[in-house]
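# Coordinate analysis (summary)
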Amino acid sequence: MGKKIKKEVEPPPKDVFDPLTIESKKAATVVLMLNSPEEEILAKACEAIYRFALKGEENKATLLELGAVEPLTKLLTHEDKIVRRNATMIFGILASNNDVKKLLRELDVMNSVIAQLAPEEEVVIHEFASLCLANMSAEYTSKVQIFEHGGLEPLIRLLSSPDPDVKKNSIECIYNLVQDFQCRATLQELNAIPSILDLLKSEYPIIQLLALKTLGVITNDKESRAMLRDNQGLDPLIKILETKELNDLHIEALSVIANCLEDMDTMVLIQQTGGLKKLLTFAENSTIPDIQKNAAKAITKAAYDPENRKLFHEQEVEKCLVTLLGSENDGTKIAASQAISAMCENSGSKDFFNNQGIPQLIQLLKSDNDEVREAAALALANLTTCNPANAKAAAEADGIDPLINTLSSKREGAVANAATVLTNMATQEPLRVSIQSHNAMHAIIGPLRSANTVVQSKAALMVAATVCDVEARTELKNAGGLEPLVELLHSKNDEVRRHASWAVTVCANDELMATELCRLRALDILEEINLSVSRKNKFSEAAYNKLLNNNLPLKYSQTGYLSSCDIISDGFYDCGRINHGTKLLPLKELSLKEPNDQRAILLINNKSEVPPPLSMEDKSSDIGYGRSISSSSSLRRASKEKTSYHSSAGVGSPTEEKSEPTSGRNTVLSKSATKEKGSRKGKGKKEEEKVKEEEEVLSVPKMTGEGSPDKEWCPPSDPDFCLYVYEVTKTILPITNMKEQVEALAKYVAERMGGHIPKEKLHEFSWELHISELKFQLKSNVIPIGQIKKGIFYHRALLFKALADKIGIGCTLVRGEYGRAWNEVKLMDRTRKGVIGCLPPPETYIVDLMFHPGELMKLRSKEADLYRFL
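A brief look at the structure comes next. All values reported here derive from a predicted model rather than from experimental measurement.

Secondary structure assignment for the protein chain yields 50 helices and nine strands. Across the 870 residues of the protein chain, 54% fall into the buried class. Of all intrachain contacts in the protein chain linking residues separated by at least 6 positions in sequence, the fraction that spans at least 24 positions is 69%. Carbon and sulfur atoms provide 50% of the accessible area of the protein chain, an area that totals close to 41,600 Å².

Moving on to helix 39 (residues 538–549). End to end, helix 39 covers 16 Å across twelve residues, agreeing with the expected 16 Å (1.5 Å per residue, within 8%). Inspection of helix 39 places Ser 540, Ala 543, Tyr 544, Leu 547 and Leu 548 among the buried residues, and these make up the whole buried set. Viewed along the axis of helix 39, the buried residues span an arc of 135°, placing them on a single side of the element. Summarising the contacts, the buried residues of helix 39 are in contact with helix 36 (494–507), helix 37 (511–519), helix 38 (522–530) and helix 40 (552–559).

Moving on, we come to unusual backbone geometry. Note: most peptide bonds trans; most residues except glycine with negative phi. For Cys 386, which is not glycine, the phi torsion reads 55° and is therefore positive. Locating Cys 386 in the fold gives a position in the loop between helix 26 (370–384) and helix 27 (388–396). In this model, Arg 521 sits at a positive phi of 70°, which is unusual for a non-glycine residue. Mapped onto the elements, Arg 521 comes out in the loop between helix 37 and helix 38. Owing to a relative accessible area of 44%, Arg 521 belongs among the partly exposed residues under this scheme.

This brings us to the packing of helix 18 (residues 264–272) against helix 21 (residues 306–314). For the pair helix 18 and helix 21, the least separation of the axes is 10 Å and the interaxial angle reads 15°. Taken together, the axis directions place helix 18 and helix 21 in an arrangement best described as roughly parallel. Read as a crossing pair, helix 18 and helix 21 show a hand that is left-handed. In contact with Met 264, Met 267, Val 268 and Gln 271 of helix 18, helix 21 contributes Glu 307, Asn 308, Leu 311, Phe 312 and Glu 314. Counted by class, the contact of helix 18 with helix 21 contains five nonpolar, two polar and two charged residues.

Turning to the sheet that holds strand 9 (residues 856–858), a few remarks are in order. Ordered by their spatial adjacency, three strands build an open sheet running 7-8-9, and the pairing between neighbours is antiparallel. Bordering the open sheet on either side are strand 7 (824–827) and strand 9, each of which pairs with just one other strand. Here the average twist between neighbouring strands, direction ignored, is 45°. As paired elements, strand 7 and strand 8 (residues 843–847) share four bridges and run antiparallel to each other. Residue pairing for strand 8: Lys 826 is matched across the bridge by Thr 844.

Between side chains of opposite charge, pairing is possible as soon as their charged atoms come close. Taken as a whole and assessed by the stated rule, the structure comprises 27 salt bridges. Salt-bridge contacts for Arg 599 lead to Asp 574; the nearest nitrogen and oxygen are separated by 3.1 Å. You can see Arg 599 sitting in the loop between helix 41 (587–591) and strand 3 (601–604) and its partner Asp 574 sitting in strand 2 (residues 572–574), a full 25 residues away along the chain. Judged by relative accessible area, which is 28%, Arg 599 ranks as partly exposed.

Attention now moves to the packing of aromatic side chains. By the definition in use, this model includes seven aromatic pairs. Judged by centre distance (6.4 Å) and plane angle (45°), the ring pair of Tyr 556 and Phe 572 falls under tilted. With Tyr 556 in helix 40 and Phe 572 in strand 2, this pair connects stretches of sequence that are 16 residues apart. Owing to a relative accessible area of 3%, Phe 572 belongs among the buried residues under this scheme. Seen from their ring centres, Trp 767 and Tyr 794 are 6.2 Å apart, and the 90° between their planes marks the pair as edge-to-face. Taken together, the residues Trp 767 in helix 48 (residues 767–778) and Tyr 794 in helix 49 (residues 793–807) connect sequence positions 27 residues apart. Like Trp 767, the residue Tyr 794 is buried in the burial classification. Over the ring of Tyr 556 we find Arg 815; its NZ or CZ atom is 4.1 Å from the centre of that ring.

What follows concerns the side chain of Ser 501. Of note, Ser 501 is situated in helix 36. Its relative accessible area of 0% is what places Ser 501 among the buried residues. The residues touching Ser 501, leaving out its near neighbours within four places in the chain, are Leu 489, Leu 526, Phe 539, Ser 540 and Ala 543.

Here Pro 430 shows up in helix 30 (residues 429–437). Classification of Pro 430 as exposed rests on a relative accessible area of 62%. In sequence terms Pro 430 and Lys 392 are 38 residues apart; their C-alpha atoms lie 9.5 Å from each other.

Turning to the sheet that holds strand 5 (residues 813–815), a few remarks are in order. Here we have three strands laid out as an open sheet, ordered 1-5-6, and antiparallel in their pairing. Either end of the sheet is taken by a strand with one partner, and the two such strands are strand 1 (561–562) and strand 6 (821–822). One ladder, built from two bridges, connects strand 5 with strand 6; its direction is antiparallel. Paired with Arg 815 across the two strands is Ala 821, which belongs to strand 6.

Across soluble globular proteins, you tend to see nonpolar side chains buried next to one another. Ranked by internal contacts, the top residues of the largest apolar core, which has 193 residues, are Phe 312, Met 425 and Leu 547. Here this core gets eight residues from one element, more than from any other, and that element is helix 26. Setting aside residues no more than four positions away along its own chain, Met 425 makes contact with Ala 391, Ala 394, Ala 395, Ile 400, Leu 403, Leu 431, Arg 432 and Ile 435. Counting 63 residues, the second largest nonpolar core, distinct from the first, contains Ala 600, Ile 771, Ile 785 and Cys 811.

About the criteria used
- Residues numbered from 1 in each chain as written.
- Predicted model: local features only at pLDDT ≥ 70, side-chain atom pairs only at ≥ 80, totals over all residues.
- Heavy atoms only, no water.
- Helix = DSSP H or I, 4+ residues; strand = E, 2+ residues; numbered from the N terminus.
- Buried < 20%, exposed > 50% of the residue type's maximum accessible area, 1.4 Å probe, protein only.
- Contact = heavy atoms within 4.5 Å.
- Areas by Shrake-Rupley, 256 points an atom, 1.4 Å probe, with all protein chains shown as cover.
- Expected span 1.5 Å × (residues − 1).
- Arc of directions from axis to C-beta.
- Axes fitted to C-alpha atoms, helices over the stretch in contact; angles between N-to-C directions.
- Parallel < 35°, antiparallel > 145°, perpendicular 65-115°, else oblique.
- Left-handed = near helix turned anticlockwise from the far one by under 90°.
- Nonpolar A, V, L, I, M, F, W, Y, C, P; charged D, E, K, R; others polar.
- Pairing = 2+ DSSP bridges.
- Salt bridge = Lys/Arg side-chain N within 4 Å of Asp/Glu carboxyl O.
- Phe/Tyr/Trp six-rings, centres within 6.5 Å; stacked < 30°, edge-to-face > 60°.
- Lys NZ or Arg CZ within 6 Å of the ring centre and 35° of its normal.
- Core = buried A, V, L, I, M, F, W, Y, C linked by side-chain atoms within 4.5 Å.

Here you go:
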């Protein structure tokens with residue numbers, strides 16, 4: 001046998017690198033391999049990096065720091081399918097890191113990732129590319145990039161993929177994208193709803209859940225709801241609710257149904273197929289709080305439509321909601337209360353809750369949860385608005401006390417709603433009295449001071465509704481409620497100003513309250529508001545006029561007009577015309593000033609300082625002088641009994657009760673009582689001296705402010721005016737004919753003020769010197785009207801108005817220019833013919849107190865114009 005010869009191995013070519021197997025234990029080394037031109041090395045490097053990234057977030061951050069992201073982005077478009085697949089897998093994992101997402105947006109790789117969703121690519125690439133997009137789409141900027149690069153269409157196509165992971169990633173990405181309106185609109189154009197509905201049949205709960213969430217978002221749009229209905233999407237939703245095993249999907253399914261119920265056509269379809277009844281039964285019988293809560297929310301959303309409310313009422317939704325009010329879960333109670341609030345727009349539902357629902361809501365007001373109390377108060381506010389029966393039912397359910405307690409809640413909505421309920425209750429007098437007895441005036445102070453405009457508005461409205469009597473207004477004042485109420489007049493909110501003005505109007509019904517409001521500058525604020533075209537309103541004007549009506553000196557000074565309803569009372573003073581915005585000084589301050597060259601201030605004061613002894617004529621009377629001179633209100637009541645409008649009268653005269661004249665005037669008063677039509681002849685010299693001495697004794701100490709400094713200041717007394725009132729009460733009031741009354745009173749006033757003054761001798765009438773002498777004598781600018789014996793137009797007109805108000809003659813007081821003033825009265829002219837069966841309307845006359853005292857001139861006549869203006 002021959003010897004074997006060993007075959008020699010042929011050496012490799014000199015220009016070829018010998019194969020080298022390297023085992024690397026450093027990620028940095030593998031990252032460097034990503035720049036290799038060899039496909040095998042790239043594929044293995046990517047595979048190693050993928051396994052490294054799967055181990056945790058720290059590894060993803062390490063790869064970012066090593067600069068692995070940028071070379072990997074280039075591999076997404078590599079020619080080799082394996083390299084491209086492995087790179088895509090890495091990005092699917094890395095994209096969950098926020099810093100990686102930020103870098104990927106900067107590198108603008110979205111187009112490359114979306115390209116991996118092409119139909120010809122492997123399922124694995126689809127899976128990780130869609131995973132990458134799902135992670136990226138969680139941020140708004142990435143959503144925009146995905147949408148702009150056309151990522152929505154391939155994602156919708158992948159919803160039909162056989163791989164569940166691809167479906168899951170795709171629907172998750174779509175769910176994130178449709179949060180944007182523009183994406184939802186495009187989704188409708190791409191007809192994606194059928195594909196999404198198919199996912200509800202998936203055996204994977206996560207896919208079903210994401211599909212329901214996506215439907216819950218897109219069905220906020222009317223067009224999508226119509227598409228869902230057209231694709232029979234309601235049936236699988238109802239089936240999910242009927243399947244107990246799918247209870248983890250019930251909440252999201254209810255959310256979709258809630259959106260669909262907003263659409264009237266869908267609502268009708270659900271009702272016709274029996275789905276609505278199933279929905280209500282499901283909500284009522286469910287033991288899962290979140291399901292009950294979402295069912296109530298579904299009803300709430302749908303109930304904003306009138307037709308839907310009608311359908312709900314036909315299905316007796318009220319019973320379901322009352323049941324949900326009894327839930328132990330606060331969220332369910334809140335949702336049910338909100339649903340009741342929405343259903344209150346239906347009158348039938350409102351009536352149903354009268355017996356069932358209101359008592360439960362009252363109990364919820366006692367809850368420790370402020371949100372529950374707020375929702376219950378909202379439901380009660382809607383139930384009691386324009387429904388006295390429900391307001392009464394709330395009170396009968398012992399609701400007043402918890403409602404007042406709710407006024408101190410920390411939640412502004414609860415406070416506003418509670419105030420609304422109390423306002424609705426206060427429209428009924430028995431309930432209003434009950435509210436007042438629960439210390440409501442103290443409880444409303446906090447809401448009035450709130451910084452929330454809704455609370456301010458509702459609180460002011462509650463004040464307006466509850467302070468309809470003196471006791472409530474006094475309680476509000478004592479509780480310090482007027483100050484915050486006046487402050488609300490400064491509000492920039494129109495509704496707050498309007499309701500605050502209304503409340504001020506109601507409060508100003510009392511003279512004392514009106515005085516206090518004026519002290520708080522309410523009148524000044526309202527005047528400022530009414531000067532603004534944009535801020536004034538009917539309520540601010542009414543409040544201003546109401547305050548003026550209780551402050552007649554200011555009203556006459558500012559407006560120059562007092563109507564027949566403005567009754568001059570004791571303490572009225574006329575200081576002349578003042579401009580808007582000018583403060584009217586109080587009478588005390590004006591009285592204590594030294595006399596000056598300014599216009600005299602005329603004072604009306606019928607209060608007698610010293611009680612007079614009985615005269616021989618009146619000793620049989622058991623009524624004092626102060627009682628015999630009737631107040632303006634009692635005389636007004638007497639004048640209302642007249643048989644015709646300002647014509648003949650059958651009045652029970654106050655003079656039927658014998659009165660007692662003032663001290664030193666018993667003879668004069670006895671005589672004056674027997675004289676005709678109030679005319680009074682001259683007095684004896686001794687009587688005049690006695691009168692003069694008495695006037696000085698009575699008036700001077702008051703004018704000069706002498707006496708004890710601790711004694712309360714009183715207006716200067718006016719014995720002469722007291723005498724005037726007594727005389728006209730005795731002689732003029734009994735006259736049964738109104739015209740004769742007016743004429744007699746005019747002659748009486750003229751006689752007391754210097755008599756008849758011919759026009760041609762008006763300039764010779766030295767009334768200015770007489771006024772100056774009185775100011776010097778009294779050491780004050782304030783002159784009681786009775787002490788003026790030489791009076792011009794405005795003196796006489798004021799005296800006429802003051803005396804007319806005392807005996808019930810309706811007349812106005814109008815200030816003119818250049819010292820002119822006049823009185824207007826309305827009288828029946830029986831020579832005129834009215835409509836058959838009716839009296840003619842009364843004529844307005846001006847009373848002449850100067851040139852021809854007692855003459856009545858028609859308002860539009862030439863004589864009247866001459867009297868007023870020349």
